[in-house]
Amino acid sequence: MMAIVSLQQANGQVLKLDSPNQYHSAPFTHPGLLHSSNDLLRMKEMVAQGKEPWKSAFQKFSEHPCSSASWQPNAVVHVERSLLIGAGKNIGNLEKDVCAAYQNAIMWAITGNEAHAITAVKIINAWSEKFKVFDGTDVELGAGLNVFKMASAAELMRATYPKWQQTEIERCKKMFSTTFYPPIQYFALWAHGNWDLACMKGMMAIAIFNDDHAMFDRAVDFFYKGPGNGSLLHYVINEEGQIQESGRDQPHCMLGIGHLAEMCEMGWNQGMDMYSFTGNRLLKGFEYTAKYNLGEEVTFQPYNDISGRFPADHIATNGRGKLRSIFEQVYNHYAFRVKGIPPGAYRYTKQAAEKLRPEGPGFNADNAGFGTLFFSLEK
Amino acid sequence: MNKIAKCLALCWLIPFTVKAGTEKRNLPPKKIYVSPAGNDSGAGTAVKPLRSITKAVAKALPGDHILVMDGVYRESVLFTHGGSAENNRITLQAINPQKVVIKGSERKLNWVKEKNKLWKCILDKPAEQIMLFSSGIKLPRVQSAGDCAQALSWTDKADQRKMIIWANFGTADPNRQLTEIAIRQYGISAKENVDYITIKGISVSQVANEYASIYGIQPGAIDTKGGKYWNIENCKVTDCRSVGISIGKTGHVYEDANAGQPEFCDYTDLSLVGHHKINNNHVSRCGQAGIFGLLGATSSLIKDNLIEYINYDREYSGTESAGIRLAMAVDAIIEHNLIRQVRGKNSYGVFLGPVFQGARASRNIVTNSESGLFYLFKNHGPSLFDNNILVGNNNQATHDSAGVKMMAAEANVFVQNLFYNCGFTNNCQPGKSVATSNFLPNTLIIKQTIPALNIDHRWYGNLFIGKGIGIASVAGCEADFNLYTNGAVPVKWADFKSIKSEKNISLRLLHSKDGIKLVWDNSAMAANRIPSLTADFFGFFALSKQYISSPDGKKINIDHDFLNNKTSSSIRFAGPFYQKNKSKGNIKLF
């Protein structure tokens, strides 16, 4: 057996962050999370024209229960996401509602049917009015994942639906900063990387919606050089693209690289290229994960993670082959949006995207999902 | 009496009728007196005291003081009810401290002399946990009558109905001297969850209690029995079979523990446990531990206790022996205790864990503890150890022991301690990782359950004499601004601003019956530039989401030394004394 090595100087649980760089001093572009104005226009036009793959993708998207304008919010005061038996409160309500808010916002942007706008705003308002307490053993995950989708919905509605009252928008901002942000503010240094990443992408989403540049810098700085497992080079641990969680199971790997890609897309919409960091390390993570989950073998470097808590000496077969809806975004970025990337560099990402096309929902509130509709670009 | 008259009489009586154990009372707090010369049918006044403390305890109501006159009380005192609030306690107090002794033994007469220096007696009931005392000295129990013939000792033979004891008292006659057999399981105890009890100045001795386990029963000679807010002050506990003072809540084994149902997940409300003050007690010659307990140390203060001669006859061979042995001791404060002469191959000065997040051990003196001075087991931290004086054995390097043994205990912060011949070990649990919970700060609300590792320790401003830290670099560990002398060596992976002195320090401990002095000459010591040792400096422990802080959540800055001298100077001496002691003078430590 190969010796397990620490590929990096391991960090402990003590959070020591250098002063972050200033990544974005200019005003943020809105809408500017996963979808720019141009993205929304593209989706709208392609669907209206009945072009593939948007047509099929929209069919799948619109049939999803969370895309229904009849969705009724189920907001509560207290949400608890917990691993403890018998614990956990209302997390299902929140996850379903954030998906419904987000999907209705997209439906509004594509169809122009105001019923969807009303539903999206109704869901956001219901939560911003009631929701006060978020806790539980896994609160970092709960807060990070759900605020990302809620903020995505809010970002779209603020930019496209003037009837959303300013006072309601301000209340939404306050909910983000006072209920969702506190649990994610210190990241999750003790955990597998997808935890940090949930915090990072949630933080980035709040920052853009709330026009909070310091918060934005904190999240982006962690992407580039954070001390936890979630920073890019700690999560995609080598040039082969091995993932920090490859020795754990495959769904968590896809979850984590999906988070990284979503951060890159938010950055892209704010005029930054986070995709290309360290020779497109993100793409290498996608390729490695796609290849293994498409049935091919990959090299595995036994290693210990940056926290020292999760040594792994072989790749995990658990969940292998169950592709998640994360591949279209990265495939389209490298194949069509940036130039000069040889097709061999995104071969397996492309295959995974093709295998799933049209992509369905992200798992619960984990990732955005529906990448074929959201991210397909004209060739 | 007609019905109306009866009713009126009853109405008149009700305001003055108080049932023991009720939380509200209409009578003013009273004093209840107890004397060996009293009578349990008496009123409990100073002139008509009760005979037994048991009777007084039964009569006492919240707010009452039980005042006990000098003498020996051979009984087990059980509180069936307690006080109702901090200012409405039931207090059991010796009028003359240390002159009231509750004994777990009975005097035994009618010994029959047999051959080979042996004396024989018969007990009506067999009992496993008994002890035999001759003129106050515990006699060792041996395997056979043949063994007894060789020395002062005793043995027994029991069946279901009786127990025969053979003892060798040397030249003494057990019927003429004081011969006692300890049979009772506790001196002072309570029913489960009796709160707000104060015990002052009482001595408890010769209690034949069972051995305790964090995962089971935890009988103590004085035993809070899971109650909270007990104050145990100025008491003396001696010659007990296992634990002197138990502040434990009966535990159990977690056979199927997992991340969804981890160990100790059955306690979630910090306000419902612990909060004791265990101060100024003297615990000696107890067979397992001085102070022991699961949960009871949470938010408790254990201060100014002298704990010595634990497991002194090495009869206890289990793994939970210590001067102070605590688990689930969240936010416990262990301050200025003198712990010495803790014996046995698994006996430690202070043994904490699993779980002591937020605990602080400060200004303790621990010495002559055979297996190690501190044993820190299974915890995510952070925990603070400051201004302690830990004196290890000179020969510790030659056998499997450590001054400070850390096993799966993260984030231990050592500041301004004096480590004399006190090495460290720092390991993870072998085999499969066992998950350990951490909690939201200053609560028992589980935040995370993941394996505890050996990471994130800190050593700042300590004085190492004879031995250094001596462990390998581990994730998140930091060491600096320390002083190493008498051969102690800084670590290579840190200690960049520490000092290694070529000149030696002479150091000696002078033990007395109830204290200890330090005799040393540190005039050769060099001062160091040491930054302010603040909570911010130690860092934010992100797993537990807290800084080094006190139970009220306030950050702790280490700006006082052992003698409570304050400094604001960055140039000072590493270790627990800011000032030089040039004249080889004595420093009273305890």
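It is worth spelling out the environment of Ala182(B) at this point. Residue and element names in this part refer to chain B. If you trace the backbone, Ala182 turns up in strand β14 (residues 179–182). Residue class for Ala182 comes out buried when judged on the 24 C-beta atoms lying within 10 Å of it. For the pair Ala182 and Phe133, spaced 49 residues apart in sequence, the C-alpha to C-alpha distance is 7.7 Å. With sequence-adjacent residues up to four places away left out, Ala182 is seen in contact with Gly104, Ser105, Ile130, Met131, Phe133, Gln206, Val207 and Ala208.

Moving on: the domain arrangement of chain A. Residue and element names in this part refer to chain A. Each assigned domain of chain A is listed here: domain 1 (48–184) and domain 2 (216–379). Distance from the C-alpha centre of domain 1 to the C-alpha centre of domain 2: 24 Å. Domain 1 puts 14 residues into the contact, and the matching count from domain 2 is eleven residues. Of all the elements in the fold, those that place two or more residues in the side of domain 1 that touches domain 2 are α2 (54–63), α3 (91–111) and α5 (139–160). At six residues, α2 tops the list of elements feeding residues into the side of domain 1 that touches domain 2.

Further remarks concern the interface of chain A and chain B. Of the residues lining the interface, 17 residues belong to chain A; the matching set on chain B comes to 22 residues. Classifying every residue of the side of chain A that touches chain B by side-chain character gives ten nonpolar, five polar and two charged. Bridge count for strand β2 (residues 14–15) of chain A against strand β50 (residues 540–541) of chain B is two bridges, and the pairing is antiparallel. Note on β50(B): the bridge partner recorded for Leu15(A) is Phe540(B).

The next subject is the nonpolar core. Membership of the largest hydrophobic core comes to 291 residues, with the highest contact counts inside it found for Ile124(A), Met204(A), Ile206(A) and Val350(B). With 13 residues, the top contributor of residues to this core is α3(A). Met204(A) has contacts with Phe216(A), Ala219(A), Val220(A), Met263(A) and Met266(A), leaving out every residue within four places of it along the chain.

The next thing to look at is the sheet that holds strand β48 (residues 516–521) of chain B. Residue and element names in this part refer to chain B. A sheet is described by the order of its strands in space; here three strands give the open sequence β47-β48-β52, paired in antiparallel fashion. The outermost strands of the open sheet, each flanked by one partner alone, are β47 (506–511) and β52 (586–588). Neighbour-to-neighbour, the strand axes of this sheet turn through a mean angle of 25 degrees, independent of strand direction. Bridge analysis of β48 against β52 gives three bridges, and the strand direction is antiparallel. Across the sheet, Leu518 pairs through a bridge with Ile587, a residue of β52.

Calculation notes
Residues numbered from 1 in each chain as written. Chains lettered and ligands numbered in written order. Predicted model: local features only at pLDDT ≥ 70, side-chain atom pairs only at ≥ 80, totals over all residues. Helix = DSSP H or I, 4+ residues; strand = E, 2+ residues; numbered from the N terminus. Buried ≥ 20, exposed ≤ 12 C-beta atoms within 10 Å, placed from the backbone. Contact = placed C-beta atoms within 7 Å. Domains from an automatic or database assignment. Nonpolar A, V, L, I, M, F, W, Y, C, P; charged D, E, K, R; others polar. Pairing = 2+ DSSP bridges. Core = buried A, V, L, I, M, F, W, Y, C linked by C-beta atoms within 7 Å. Axes fitted to C-alpha atoms, helices over the stretch in contact; angles between N-to-C directions.

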